[in-house]
Structures are given as structure tokens and as C-alpha cells.
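A closer look at the structure
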Amino acid sequence: VLMTCPLHDPYLVEQLEKRFTLFKFHSIPDKAHFLNSNKASIRAVVGSASAGADAKLIHQLPNLEIVSSFSVGLDKIDLAKCRERGIRVTNTPDVLTDDVADLAIGLMLAVLRRLCQSDRYVRSGQWKRGEYKLTTKFTGKSVGIIGLGRIGLAIAKRAEAFSCPISYHTRAEKSDVKYKYYPSVVELAANCQILVVACALTEETRHIINREVINALGPKGVLINIGRGPHVDEPELVSALVEGRLGGAGLDVFQDEPNVPEELFGLENVVLLPHVGSGTMETRKEMADLVVGNLEAHFLNKPLLTPVL
Ligand code: 8YV
């Protein structure tokens, strides 16, 4: 098993090492040499949101049978290549839905109610000296969601509990939801106060948040991104925030993680998180169990637990 993602999850590594011969790609200095000597023995890749299996890697692994991703997102896997080669692909859906949706609501509250600044205000002793600035109410704000899959729906359900009117944009209108549908992202942005990116990253959704959308959301609007960095044209977002053309942003993901545009560091209307949507002990364990369970099922010729391909 070749693990292409960084090794932040000791439980996953431990479980993989118990069952397989695990190669940790990140700690191998000469990757080309390693692949040359080991390519024939590698039958599985374990990837994540940060590294998966691109066309180049797949091409270098002639006996690759399965890619088991420690993520629900599949944007780091060349699915077309996998399909072509008959390589199976699995991910970790459902188990992380609640955490990611919780975090999206957390970001909305953090941006509007200035939770991070308020905390800093107390810790720095400023409370004893100065006056607290008023913030913005969250309950009742209109929430527009891009992507109404498992995570989008879970965000909608939570926002409804805060009396937020919900609207959404997806490729096609959904017949089984009561929320208002907008066929274009610009229209959705123009008609909501908080815009949430909750769709998969594909060629179609790359830079789905562009200058036009940001301007439609406007100087009172808030952007929440719990999807992927490349959903957003980041330089456009940064200039809109710096120039005050956008009201605020709550961002869990960035274009070039872990690098975050430093222009954002001084802004009070922005909350920045290090891609932690699924980052709870409970969920990461369930994700790891799925990664390992899918590999075991595959090698025992049993049905995969969460197949994509
Ligand atoms: C990451 C995610 O996979 O599921 C996804 O698509 O982005 C996250 O759950 C997680 O941070 C592990 O890298």
C-alpha cells in the first residue's frame, strides 16, 4: 500500500501497518528511485484531500488495483484514468457530513458575531480598557448554498434551525427539496446574505466563486468555503475583502494549502481555519476505518463498503 497523503493520522497509519506493507510516500526522499524499484509490488494507494493518485502516479504503478481515499472529495484522483485502467476507487462519505456542516455554521457565527476577535479582545486585556464593537445578527440571515448533496443538505437543515431562509444552486433543480432554486450562481449570490460553497471540486466548479459572484454577494455579504480552495478565485476574493467589496469570509480551505494569502491576516471580517471540516477524533476514526475496510474488502474479494468506481 502506498500512502500518498501526509501522515497526520496516527490511527490510520497504525491500522494500515497492522495489515499491509505500508510505504509512506511523503517520507521517501528519492521518489523516482523508490517507484522504479517498487512499482510492481504496489497494489493500493491511500490518498486524501491533499494528495491522491494523479495520472502520472497511476501511470507509474502498473499493478495498482485500488485507490482508497481518506476523504469524501475525489478531486486529487484521476477518475478517468482509474476507470480506463479498471482501478477501483473508494472514499469516506456520510461519516464526515455532520462535522463539516457543523463547521460551516460555526464559521457563519464566527464571522458574523466576531467570535475570534472577541476572544482575542478578552485575552489581550482590551476588555478592561475599551469598548466592545457591536457585531451582526446571524438568526434569520438568508443562506445560499452551492451544491445540495449530503453536506449542503446538512448545512441547510442546521441553518433552518436558525430561521434562515435557504436557497441553492446545483446543476439541475431538485424536485425533492422545498428551498428556492437559482439556475445561476450570480443570481444566488445576489439573493442571499451568506453564500456557502459545498459542492465537489470539478473542472465545472473550479473558480465558481469569481469576481462577478463576489460583487453580486456585495459589501454586506459573507462567503463561507468548506469545499476546496480552487472553488474560489483567491486573488479576486482577497482584493474584494481588502477593498471592502465583500462583507466577510469564513474559509476552511485555500488554493495552496497550507499557504494562506497574508493580506487576509489583518482583516477583522475574516475567519481562517486550517482545513479541519472533518477534523474531530470521532470522525477521523470512522474515516480511517472506512479506508482500511475498503482495502480489506477489496483484497478479500468482498463488496467495497463505499465504492466510487
Ligand atoms: C480531508 C476532506 O480529507 O473529506 C474531504 O474531502 O477535505 C477532508 O476530510 C481530511 O482533512 C484528510 O486530509
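Under an unreviewed UniProt entry, the protein has the name glyoxylate reductase (NADP(+)) and belongs to Populus deltoides. Database annotation for the protein, UniProt heading Sequence similarities (unreviewed entry): "Belongs to the D-isomer specific 2-hydroxyacid dehydrogenase family."

A few words on the overall build of the protein. Of regular secondary structure, the protein possesses 11 helices and 12 strands. For 309 residues, the compact-globule estimate of 2.2 N^0.38 gives 19 Å, and the C-alpha radius of gyration of the protein, at 21 Å, lies within 12% of that figure. Taking the principal axes of the C-alpha coordinates as reference, the protein spans close to 65 × 50 × 30 Å. Looking at the protein residue by residue over its 309 residues, the buried ones come to 42%. Considering only residue pairs separated by 6 or more positions, the protein has 60% of its internal contacts joining residues 24 or more positions apart.

It is worth spelling out the UniProt feature "domain: D-isomer specific 2-hydroxyacid dehydrogenase NAD-binding" (unreviewed entry) in the protein at this point. According to UniProt, the positions carrying the feature "domain: D-isomer specific 2-hydroxyacid dehydrogenase NAD-binding" (unreviewed entry) are residues 105–277. Counted over residues 105–277, helix gives 30% and strand 14%. Its end C-alpha atoms are 11 Å apart.

The subject of this paragraph is unusual backbone geometry. Following E257, the chain continues into P258 via a peptide bond in cis, with omega recorded as 5°. Not every positive phi belongs to a glycine, and S163 is a case in point at roughly 60°. Among the secondary structure elements, S163 is positioned in the loop between α7 (150–161) and β7 (166–169).

Sequence positions flagged by UniProt for "domain: D-isomer specific 2-hydroxyacid dehydrogenase catalytic" (unreviewed entry) are, in local numbering, residues 3–308. Annotated as 36% helix and 13% strand, the span residues 3–308 places its first and last C-alpha atoms 19 Å apart.

Here we take up the nonpolar core. A104, I145, I155 and V196 are the most contacted members of the largest nonpolar core, which has 88 residues in total. It is helix α5 (residues 97–112) that contributes the most residues to this core, 10 residues altogether. Both domains that meet at this core, namely domain 1 (2–93 + 280–299) and domain 2 (97–272), each give it at least three residues. With sequence-adjacent residues up to four places away left out, V196 is seen in contact with A104, V143, G144, I145, I146, I155 and I224.

Okay, the site of the ligand next. Within the structure, the ligand sits among C5, S48, A49, S50, F70, S71, V72, G73, L96, H275, G277 and S278. Of the residues belonging to the shell around the ligand, the class tally is 5 nonpolar, 7 polar and no charged.

Time to look at the packing of helix α1 (residues 10–19) against helix α11 (residues 281–299). In contact at an axis separation of 9 Å, α1 and α11 are set at 20° when each is read in the N-to-C sense. Regarding the angle of α1 to α11, the classification is roughly parallel. The chirality of how α1 crosses α11 is right-handed. In this structure, α1 contributes Y11, L12, Q15, L16 and R19 to the contact, and α11 contributes K285, A288, V291, V292 and E296. Class assignment for the residues of the contact of α1 with α11 results in 6 nonpolar, 1 polar and 3 charged.

Here the focus is the sheet that holds strand β3 (residues 44–47). Ordered in space as β2-β1-β3-β4-β5, the 5 strands form an open sheet in which the pairing is parallel. One side of each edge strand has no neighbouring strand; the edge strands of this open sheet are β2 (23–24) and β5 (88–90). Where strand β4 (residues 66–69) lies against β5, 3 bridges are found, and the strand directions are parallel. The residue bridging S68 from the neighbouring strand is T90, located in β5.

For the rest of this paragraph, the subject is α11. Compared with an ideal rise of 1.5 Å per residue, which puts 19 residues at 27 Å, α11 spans 27 Å between its outermost C-alpha atoms and is within 8% of the ideal. Considered for burial, the residues of α11 that qualify are R284, M287, A288, L290, V291, V292, N294, L295 and H298. Next to the buried residues of α11 lie α1, β3, β4 and β5. Trailing α11 by a residue or two, N301 shows a phi angle of about 60°, which is positive.

Attention shifts here to the sheet that holds strand β12 (residues 270–272). Reading across from one edge, β8-β7-β6-β9-β10-β11-β12 is the order of the 7 strands in this open sheet, with parallel pairing throughout. Each edge of the open sheet carries a strand with a single partner, namely β8 (180–181) and β12. Both β7 and β8 contribute to a ladder of 2 bridges, which runs parallel. Bridged to S167 within β8 is K180. On the sheet, α5 packs against β9 (194–197), β10 (222–225), β11 (248–251) and β12 and is oriented at approximately 145° with respect to β11.

Reading the values: the criteria
Residues numbered from 1 in each chain as written. Predicted model: local features only at pLDDT ≥ 70, side-chain atom pairs only at ≥ 80, totals over all residues. UniProt positions renumbered as here; feature names shortened; annotations may be inferred. Helix = DSSP H or I, 4+ residues; strand = E, 2+ residues; numbered from the N terminus. Rg over C-alpha atoms; globule rule 2.2 N^0.38 Å. Buried ≥ 20, exposed ≤ 12 C-beta atoms within 10 Å, placed from the backbone. Contact = placed C-beta atoms within 7 Å. Core = buried A, V, L, I, M, F, W, Y, C linked by C-beta atoms within 7 Å. Domains from an automatic or database assignment. Near = placed C-beta within 6 Å. Nonpolar A, V, L, I, M, F, W, Y, C, P; charged D, E, K, R; others polar. Axes fitted to C-alpha atoms, helices over the stretch in contact; angles between N-to-C directions. Parallel < 35°, antiparallel > 145°, perpendicular 65-115°, else oblique. Left-handed = near helix turned anticlockwise from the far one by under 90°. Pairing = 2+ DSSP bridges. Expected span 1.5 Å × (residues − 1).

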